[in-house]
Amino acid sequence: MTPDDPPGAARADSGVGVLAAAAFAWNFLTIGAYAMVGPPRGALIMTRFGPRALPWVYMGSAALTGLVVWAYERTARLPRRPLIAGWLALLAATMAAGAWAVGATHWRPLEFLYFLWTDVFGIMAVTLFWTCANDVFGPAYAPRVFGFVAAGAPLGAVAGAWLDERLMLRLGPVALLGLSAAVFAGSVPLFLFVESRARGRGLAGGAPAIA
């Protein structure tokens, strides 16, 4: 610490390691859950709609993503806790409920909408994580911890693919989609922990308040 360091930097330094570990775990679960979605989603699309549906899936995913991003921007002025926690809970709940509905109803319009939603899930889950991480760590700590935090993504991708490989034949694609939602749900308590240790938003050029 130097005389030019912002007030509270010493206290923040003492807790930044724990905060970075929680962010790493959150990133790991986010990417791990999304990696688990790809193979079962692709298998279900091919078996229930066929390859000719793929262009419609791509166009529909783009349109739905744009709509959800618009909705997110309408809520972006909320305080960080209800904003991030609410969207994380919404993503986890809709992924779980959609997987159950796909397995229980076999209603083709609902199945198609859910397959589009899984793309939205991947984009929004990553966006929420990095929005929070950038806000919490800010310029003061990002250069120190983002390399470590970002390493959670490739490790999560490997872990998700490993689970898919071993569980696809045993559980089936629908159950794997539900399991991915359960894995992602772990991001909610991790975010709440991060929020409890980093009070307030990071300010440009200064250190966030880290307990």
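Relevant structure appears above.
Basis of the calculations
- Residues numbered from 1 in each chain as written.
- Predicted model: local features only at pLDDT ≥ 70, side-chain atom pairs only at ≥ 80, totals over all residues.
- Heavy atoms only, no water.
- Helix = DSSP H or I, 4+ residues; strand = E, 2+ residues; numbered from the N terminus.
- Expected span 1.5 Å × (residues − 1).
- Bend = angle between axes of the 7 residues up to and from the residue.
- Axes fitted to C-alpha atoms, helices over the stretch in contact; angles between N-to-C directions.
- Parallel < 35°, antiparallel > 145°, perpendicular 65-115°, else oblique.
- Left-handed = near helix turned anticlockwise from the far one by under 90°.
- Contact = heavy atoms within 4.5 Å.
- Nonpolar A, V, L, I, M, F, W, Y, C, P; charged D, E, K, R; others polar.
- Buried < 20%, exposed > 50% of the residue type's maximum accessible area, 1.4 Å probe, protein only.
- Core = buried A, V, L, I, M, F, W, Y, C linked by side-chain atoms within 4.5 Å.
- Polar contact = N/O pair within 3.5 Å; in protein donor to acceptor, adjacent residues only side chain to side chain.
- Phe/Tyr/Trp six-rings, centres within 6.5 Å; stacked < 30°, edge-to-face > 60°.

## So, helix α4 (residues 108-150)
Here comes step 1: With 43 residues, α4 should cover 63 Å at 1.5 Å per step; its first-to-last C-alpha distance of 37 Å lies more than 12% under that length.
Here comes step 2: For α4, the principal kink sits at Tyr141 and spans about 110°; a proline, Pro143, occurs within the next four residues.

## Looking at the packing of helix α3 (residues 80-105) against helix α6 (residues 173-185)
Here comes step 1: The N-to-C vectors of α3 and α6 enclose an angle of 165°; their axes lie 8 Å apart at closest approach. The angle between α3 and α6 places the two elements in the roughly antiparallel class. Taken as a pair, α3 and α6 cross one another with a handedness that is left-handed. For the pair α3 and α6, the contacting residues are Leu88, Leu91, Ala92, Met95, Ala96, Ala99, Val102 and Gly103 in the first and Val174, Leu177, Gly178, Ser180, Ala181, Phe184 and Ala185 in the second.
Here comes step 2: When grouped by side-chain class, the residues that make up the contact of α3 with α6 number twelve nonpolar, three polar and no charged.

## Comments concerning the environment of Gly60
Here comes step 1: Residue position: Gly60 is located in helix α2 (residues 54-75).
Here comes step 2: Overall, Gly60 belongs to the buried group, its relative accessible area being 17%.
Here comes step 3: Measuring from C-alpha to C-alpha, the distance between Gly60 and Phe112 comes to 9.3 Å, with 52 residues separating the pair along the chain.

## Topic: the nonpolar core
Here comes step 1: In terms of nonpolar packing, the biggest core is built from 51 residues, with Trp26, Leu88, Leu91, Phe121, Phe137 and Phe184 touching the most fellow members.
Here comes step 2: Taken together, the elements giving at least two residues each to this core come down to α1 (9-48), α2, α3, α4, α6 and α7 (187-197).
Here comes step 3: For this core, the leading source of residues is α4, giving 19 residues.

## A look at the side chain of Thr118
Here comes step 1: Relative to the assigned elements, Thr118 resides in helix α4.
Here comes step 2: A polar contact is formed between the side chain of Thr118 and the backbone oxygen of Phe115, at a distance of 2.6 Å.
Here comes step 3: Once residues lying within four places of it in the same chain are set aside, the contact partners of Thr118 are Tyr34, Val37, Arg41 and Met95.

## Quick notes on the packing of aromatic side chains
Here comes step 1: Inspection of every chain in the model, using the stated rule, returns twelve aromatic pairs.
Here comes step 2: Pairing Phe49 with Phe112 gives two aromatic rings, centres 5.6 Å apart and planes at 65°, and the pair type is edge-to-face. Of this pair, Phe49 sits in the loop between α1 and α2 while Phe112 sits in helix α4, and the two are 63 residues apart along the sequence.
Here comes step 3: Judged by centre distance (5.9 Å) and plane angle (80°), the rings of Phe137 and Phe146 are edge-to-face. Across this residue pair, the class does not change: Phe137 and Phe146 are buried.
Here comes step 4: Put simply, the rings of Trp26, Phe129, Trp130, Phe137, Phe146 and Phe191 pair up and form one aromatic cluster.

## Here we look at the packing of α6 against α7
Here comes step 1: At their nearest, the axes of α6 and α7 sit 5 Å apart, and the two run at 10° to each other. Taken together, the axes of α6 and α7 are roughly parallel relative to one another. Together, Val183, Phe184 and Ala185 of α6 and Ser187, Val188 and Pro189 of α7 make up the contact between the two elements.
Here comes step 2: Each residue belonging to the contact of α6 with α7 can be placed in one class, and the counts come to five nonpolar, one polar and no charged.

What is shown is where atoms sit, not what they do.
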